Each structure stands twice: as structure tokens, then as C-alpha cells.
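Fold and contact review
If you want the building blocks of each chain, they are given just below.
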Amino acid sequence: MPMTIDEVFAALTDLRARQRLVQNITNFVSMSVSANALLALGASPAMVHAEEEVGDFAKLADALVVNIGTLSPAWLRAMKKAAEAMGEQQKPWVLDPVATGATPYRSEAASTLLSLRPTIVRGNASEIMSLAGEAGALGKGVDSLAASDQAIAAAKALARTSGSIVAVTGATDYATDGDEVISVTGGHALMPRSTALGCALSACVAAFSAVRPPLEAATAGLAVYAAAGRIAGERCVNGPGHLPAELCDALFRMDKDLLAAHCGLGTGRGEEE
Amino acid sequence: MPMTIDEVFAALTDLRARQRLVQNITNFVSMSVSANALLALGASPAMVHAEEEVGDFAKLADALVVNIGTLSPAWLRAMKKAAEAMGEQQKPWVLDPVATGATPYRSEAASTLLSLRPTIVRGNASEIMSLAGEAGALGKGVDSLAASDQAIAAAKALARTSGSIVAVTGATDYATDGDEVISVTGGHALMPRSTALGCALSACVAAFSAVRPPLEAATAGLAVYAAAGRIAGERCVNGPGHLPAELCDALFRMDKDLLAAHCGLGTGRGEEE
Amino acid sequence: MPMTIDEVFAALTDLRARQRLVQNITNFVSMSVSANALLALGASPAMVHAEEEVGDFAKLADALVVNIGTLSPAWLRAMKKAAEAMGEQQKPWVLDPVATGATPYRSEAASTLLSLRPTIVRGNASEIMSLAGEAGALGKGVDSLAASDQAIAAAKALARTSGSIVAVTGATDYATDGDEVISVTGGHALMPRSTALGCALSACVAAFSAVRPPLEAATAGLAVYAAAGRIAGERCVNGPGHLPAELCDALFRMDKDLLAAHCGLGTGRGEEE
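This section reports on the structure supplied with the text. (Residues numbered from 1 in each chain as written. Chains lettered and ligands numbered in written order. Predicted model: local features only at pLDDT ≥ 70, side-chain atom pairs only at ≥ 80, totals over all residues. Heavy atoms only, no water.)

1. A word on the sheet that holds strand S5 (residues 120-124) of chain C
Residues and elements named next belong to chain C. To keep things clear, this is the line we draw: When DSSP finds two or more bridges between two strands, those strands count as paired. Elements are defined by DSSP. Helices are runs of H or I of four residues or more, strands are runs of E of two residues or more, and each kind is numbered from the N terminus. Only the stretch in contact is used when fitting a helix axis, every axis being a line fitted to C-alpha atoms; angles between N-to-C directions are given from 0 to 180 degrees.
As summarised here, the arrangement of the nine strands in space is S2-S1-S3-S4-S5-S8-S9-S10-S11, forming an open sheet in which the pairing is mixed. A strand with exactly one partner marks an edge of an open sheet, and here the two such strands are strand S2 (44-46) and strand S11 (264-267). The sheet shows a mean angle of 20° between the axes of neighbouring strands, taken without regard to direction. With five bridges connecting them, S5 and strand S8 (residues 165-169) associate as parallel partners. Within S8, the position partnered with Ile120 by the bridge is Ile165.

2. A look at the packing of aromatic side chains
Defined as follows: Only centres within 6.5 Å qualify two rings of Phe, Tyr or Trp (six-membered ring in Trp) as a pair; their planes then separate them into stacked at under 30 degrees, edge-to-face at over 60, and tilted for everything else. Partly exposed residues are those whose accessible area sits between 20% and 50% of the maximum for their type, while under 20% is buried and over 50% is exposed, using a 1.4 Å probe and protein chains only.
Tallying each qualifying case throughout the model produces nine aromatic pairs over all chains. Considering the side-chain rings of C:Phe28 and C:Trp75, the 5.2 Å spacing of their centres and the 80° angle between planes classify their relative orientation as edge-to-face. Here C:Phe28 is found in the loop between strand S1 (21-25) and helix H2 (31-41), whereas its partner C:Trp75 is found in helix H4 (residues 73-88), with 47 residues between them in sequence. When its relative accessible area of 8% is taken as the criterion, C:Trp75 is described as buried. Among the aromatic residues, ring-to-ring pairing joins A:Phe28, A:Trp75, B:Phe28, B:Trp75, C:Phe28 and C:Trp75 into one connected group.

3. Section: the pattern of salt bridges
As a reminder, the rule being used: Any Lys or Arg side-chain nitrogen found within 4 Å of a carboxyl oxygen on Asp or Glu counts as a salt bridge.
On inspection of all chains with the given rule, the structure shows 30 salt bridges over all chains. Salt-bridge contacts for B:Glu53 lead to C:Arg106; the nearest nitrogen and oxygen are separated by 2.5 Å. With B:Glu53 in helix H3 (residues 51-60) and C:Arg106 in helix H5 (residues 104-114), this residue pair bridges two chains. For B:Glu53, a relative accessible area of 1% puts it in the buried group. Under the relative-accessibility criterion, C:Arg106 is labelled buried at 0%. The salt bridge involving C:Arg235 is made with C:Glu246; its shortest N-O contact spans 2.5 Å. Residue C:Arg235 is located in helix H9 (residues 214-235), and its partner C:Glu246 is located in helix H10 (residues 243-252); the two are separated by eleven residues in the primary sequence. Overall, the relative accessible area of 8% leaves C:Glu246 in the buried class.

4. Focus: the relation of the copies chain B and chain A
Selection rule: Least-squares fitting of one copy onto the other uses the C-alpha atoms of those residues that reach a pLDDT of at least 70 in both copies. We call two residues in contact whenever any of their non-hydrogen atoms come within 4.5 Å of each other.
Laying chain B over chain A is done by rotating through 120° and shifting 0.0 Å along the axis; what remains is an RMSD of 0.0 Å. Taken together, these values place the two copies in the relation of a three-fold axis. The position closest to the rotation axis in chain B is occupied by the C-alpha of B:Phe28, lying 3.8 Å away. Comparing interface residues between copies, only 8% of those in chain B also sit at the interface in chain A, which points to a heterologous contact through distinct surfaces.

5. Considerations on the interface of chain B and chain A
Definition in use: Here the buried area means the combined drop in accessible surface, using a 1.4 Å probe, for two parts upon being joined, counting both sides. Counting of polar contacts relies on pairs of N or O atoms within 3.5 Å, with two restrictions inside protein: one atom must be capable of donating a hydrogen and the other of accepting it, and residues adjacent in sequence are counted only when both atoms are side-chain atoms. Each residue gets one label: Ala, Val, Leu, Ile, Met, Phe, Trp, Tyr, Cys and Pro are nonpolar, Asp, Glu, Lys and Arg are charged, and the others, such as Gly, are polar.
Contacts between the two partners involve 26 residues from chain B, matched on the other side by 34 residues from chain A. Both faces considered, chain B and chain A share a buried interface measuring about 2400 Å² in area, 61% of it formed by carbon and sulfur atoms. Run the count over chain B and chain A and you get eight residue pairs in polar contact (both at pLDDT 80 or more). Among the elements that take part in the side of chain B that touches chain A, helix H5 (residues 104-114) of chain B stands out by supplying three residues, more than any other. Of the residues assigned to the side of chain B that touches chain A, the class counts are eleven nonpolar, eleven polar and four charged.

6. Details of the pairing of strand S9 (residues 173-176) of chain A
Where a strand is regular, its side chains alternate between the two sheet faces. Residues and elements named next belong to chain A. Residue alternation in S9 divides its side chains into two sets, Asp173 and Ala175 and Tyr174 and Thr176, and both sets are buried. Of the pairings in the sheet, the one linking strand S8 (residues 165-169) to S9 comprises three bridges and is antiparallel in character. Bridged to Ala167 within S9 is Ala175. Where S8 folds back on S9, the antiparallel hairpin that results is connected by three residues. Pairing geometry for S9 and strand S10 (residues 181-185), over four bridges, is antiparallel. Among the inter-strand pairings, Tyr174 is bridged to a residue of S10, identified as Ser183.

Written as C-alpha cells, this is what we have:
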């Protein structure tokens, strides 16, 4: 049974009231839009990344997102340290395995981070298929060449082996615990034409993980973002240029009616995979 | 006696005419909005940060801003080197001690940089209270949990011990030399919902420090920014998404009438602290 | 003979159809706007920069842009490695020598990268004059103090000695192979008031280099960008704040009529230099 719109909105209301602190160890491209999306959503972002302090900062954080987009060795060490610190405190963290599969270095990094048991993994179809070990996972750099529904079986397999909730996003988004599959519709065709919106989604999912259990957090994050993306996309009649700003506005003023009108929740196509 | 609006506008006119070069060693989140705010204001930003060249670049720069938001050891070394180079040349530099107090590493870095005698320190209430050594300085990551007027005494104490002008910003902003306290009103409730606007303010204050003595520079920077923030916020009727762009527009077209109508200058509440 | 508008538009159509993967090793300030410009144009950007993977990633990339804006030793090593990998595969790469001449470290880095034979070099007048070894090349940090037409002779000389196509941009843009000089008009006076738009232009030129030979790629990139800049600037009646977003919209919806109406192609003033 997926969450209802009422339950998603209750999670958002809770997040807004509690202003959870979300630590981001993320890529350079997405930092600004991730921080702005989190602020618009009602969370409090912080972008500390030095090995020397990520462990200490994790004591303050309510959730963490680790995103390997612009990976390098020092950052990877900090990612591991922060993830371990969250694990020790039984606090949630989200892994965004950007472009895993594109290079051996990147795949190995994603694999190492996965072994630290992220609460939630959020990626596009190519990334999830690659992380699940599927041969022939196709990506073009950071963009997926596969559709999200082609990755449902991979997502379920990955959830089972990793113990993480897995969210695979695209035209339709899916979240799974390896058994149940929840589908989320919404979003807009312009979204892939604006950089780092997937990264900012991972950050939003991390924020929800600070107020809800993992599968609910993933579902609520995907649903609120899908609704905001649709609202924003519909306002961008001239192209994707203003999409990040419109997305933040839509997150900021999201209410139950807007949510109900701009996203859809269903039980996914888990069975037929 | 605070500056008059006429004096603030004269400082802005001067800055626009002289296009001062502002070196930024700042965090990854704020680079783009800081550069855009400086360009809109009429300054010329540069973001060089490598140890190998910051000293040489400081010879060209008219002012420097050092911001520890996304700190790491190599960057800290460069910050110190650049600050020292500015000091040797008796050129102004501004310290933005982002989230000092959040981790020991960050507090130690802020403290080290403070010992290099920044011309101006600009922070939120939690940061200034922490830097002044006040117990119980409360922050949530990079966001302050205290109001700016709770930090006036800390700001004065910090100004006295450090020899720096201290600006503490929030709903009302204050600038002090440890004796006089100037208050600046303006801004907008949406500003804390858009990332790195405090960082960009520090950069703007640095730009003014290249054309005015420290306390005047801080006052002028706070006032122009407060007015721009109010103008921008009032245009953002749907949320904070377009605030950085609107802020740049407001800085770009600021004139004396807009300034007079959107910010207020007063002598602060220095006595009653 | 310069390209015709029809030929420029054919190159754009080709780029959109083939969605070339453009690897960016660029500065922190420009990452977001470069990625968004590439996406709006119809290319697929990726921002990997670690030494550990740039060589592998270069095998996937169709073009590379190397931009030294926020240079440091580890990044420079990665730039060299990626450039060499592209050279070995005879795939195109663009060098953007940001602020070369400002410090010895920066000049040496630009010079080293130039020795790796970039397909195209794109810079402002000061940068091209400095790279060509002209005494008295004047810049203010990252901004040029010389006009682009003052750098035509330097651009031709640099093209001859380096073997690269050289594009020098400003109020009018020029592209040269050392012999022929093509001029491109368009753009808008607000463009220098928005950060990193020159960097994003270099990225767009790189995208075109994946579908056209070097001089045509430079010309097409300059022309499409000049038209988009003019369209965007004319929409920004309140200042430069929304210029990056408007530029992306203009790139996204560029068609042959818009191109013809907002940029001009000519044979440059190569002779009289």
C-alpha cells in the first residue's frame, strides 16, 4: 500500500515544523540548487566536506546525503567517514551514485559506499542497473539512456542485497524495499534539461528521511518533488532556464491541494519484472 | 553618528566608478551568487584559491573576502597566505566565519584567521557569539538560532579584542567598532530561505572596504544590501526561487531614492547590552 | 568565407540530434551555468575532474573543455591527463585560459596546456594577448581591460604558433586559424555583468567541436551564443540577474529565424592588424 497524499503532506508539514539539518557531501554542480531546494522545502542544509570535520558535523546532522558527482580521493574519504558516523548513530543517509558505471574509479567508489549500508539509494536507471551489477547498463556520462521502468527489477534486486531502500527516478519514479514497489508520477519533460535536479532530489529525500522511516521518506520525497517539478515545468514556457528557481518556489508553497493535483502515487509494477 | 543615505550612495557611486577587484576565497555554494552580486554592484570578482598563486593575486586585488563555508586544509592554508599578503600591503579583507562553533576544526580555523586581523568580520548571531567566546552560542549548522540583537554585546566585545570592525546580520544588521554601534534595517523574510546570501553580503562588504574606511564600508555594504534584499524580496511573491536574480537586479539598479526607501540607518542598541 | 546562418543552424540541429557528451574540467563558479547552457543547447555535460578517472572518462566523451578559472595542482594534473587522452584519440578539446597573465602560476599552467595542442582556445582579449606573449596585456583579474578587436593580431599569431583555432570574444567575437578571421556580432552589454558566461561559451564551443571541424565549430558556437545572448539581454530589462536563465531559454528555443535576426557573421579585420 503506498502512502496517501494526506500522509505525504503530513510528512512535509512535519519536516517544515522541525527544520531538520541535512549534511550534504555533494558535487560542485549541485551544491547551490541542492541547498536552495532544501531551504525551500523547510530543511536546513550544510555543505561541510573536510575529512577533518565531517565526523563531528555528523553528530549535529539529522540526515546526510552523499553524492559522488565530482568525486576525488579526499572527498571519498570524507564520504566514508561521514556515512560511518551516521551509521554508528543510527541516523539516516542517502547515497546518490552519480554516473556509476562510467569509469572503474567511480564504480568502485559507489560500491564501497554501498557497502556502508545507506538508508536510501537514489539514482537514475543506468546508475541503479550498474549498481545492481546488471550487464549492459547504459549511461551517457551522468545521463541515463535507459527508462526508469527498465530498472525496476534491478532496483528490487539492489534493495534486497544492500538492505537499502532503492529509488530509481525518471519519467516515472519508483521506490522499493525489494518487495513492495511504489510508483510516483509527476515531474516534467524539461527537468532533464536543467542540471543537478536529480542531485537536489536526493537531498530532499534525505530531508524526509529525518522525519519518516526509509520507504515512507523516499516516497514522500519523490512525491513532493514530482509535484513541484510539474508545477515548475508548467510555468517554464520558454525553456528550462528558470526551472531551478520555479522548482524552489513550488517546493516552498506546496500544499495538499497542489500535491494532490500534480503527482500520483501507486503500487508499482513490481510483480511483472 | 551613522552614515547618511547620501553618504552610503556616494560610496556606491565611487565603487561603481572604480570597479575594484575583489578576490574571493569562498565556499563552493556561494561562488556563483557572490560573483554575480559583486558584478551587479559594480565590482570585479575573482575566485582564485590555490596556495600557489593567492599571494601573487593579492598584489592585484583591492580587497579580499575569506569565507570558511566549505573549508579544507589546502584552502585554509591559502586563506592564511592571502590574508597575510593583504595585511602586509595594508589592504582590506573580510572574514566570514561560516558555522564557526559547529565543529572544533571550524572553530580553530576561524580563530586562526581572526588572529590575522581581518579588517571586518561579518557573521550571523551564532557565529559572532561563538567567535567572541560566548558559551551557549547556538547554531543549526550554518544557520543561526539566535537573533542578531542578541549578539550585539558579543559583537562589541569581539571588535574590541580583535581590532576588527564586526558586522552581525539578521533581521536587523549591526556594525560596530567596539564602541559605536550602527543599526541597519531592511532586507526581507525570504532571505534566509535562499542559500549563501550572507556570503554574498560579505563579498559586497569587502567591495566597499576597497573604497571606504572599515566602519563606513561595513555600514554602506549592509545598507545597500539591505535595500536590495527588501526590493528583491518584495518582487518574489511566489517564494525564494528567484531571489538571487532579483537581488542582483536590485543591486544593479540601486539609486539614492531606492536606497532611502528600502533601508534604515540608526545608532544601535549598543548601550543597553 | 564565413559560415552562413544556414550552416550554423545546421550545426546546431546536428548537435541537438546527436546529444554529444561534453566533459568539463572547469572552475567552480561556472559549473552550474556551463552545465545548464550545454543542456539547453542539446549536449550532455559531465563534470568529472579526478586524476583517477579523467583518462577513462575521456574515452566516453565526445569533446572536452579545460578551464583554469579556479586552478590548483591536482586539477591541473587532471587537465593535462584529460587533454592528453583526448589528443591520443584525436577528439577535440577547448582551452579556456581564464585570467592567464594575472599570476606566474596561472600563466605557466596556461602555457603548459597550450603545449598539449588544444583544438580551440577561447579567451577574452587580455587572455589571448597574454597567451600570445604580448607585452602589456592588461586584465583586471578575470576581466579584460582590452577590447576584442585589439587582440586580433595576437589571436592570429597565437593560432599560427599553437596550431589551434583561436577565438577571442568581447563586444565583437573573432575566430581565426591564423589566416582567415571570422567576426561574429551579437551579444549584449549586460553579459559581462553576469559571471562565467565566457566559461559557458567555451563549453558550448566544445559541444560544437564534437560535430564540426574546429574553425566551423568555433564560428557556430560563437554565433549561436551571440544570438542567445542578445535575445536574453533584451529580455533582462531590470538588470543582469536573470541573464543566465534567459540565456539558457534562448539557447533552448533557438531557431533559424532567431539566429538570423540576432547575430551577424562576417570576414574579420584580419588584414589591417
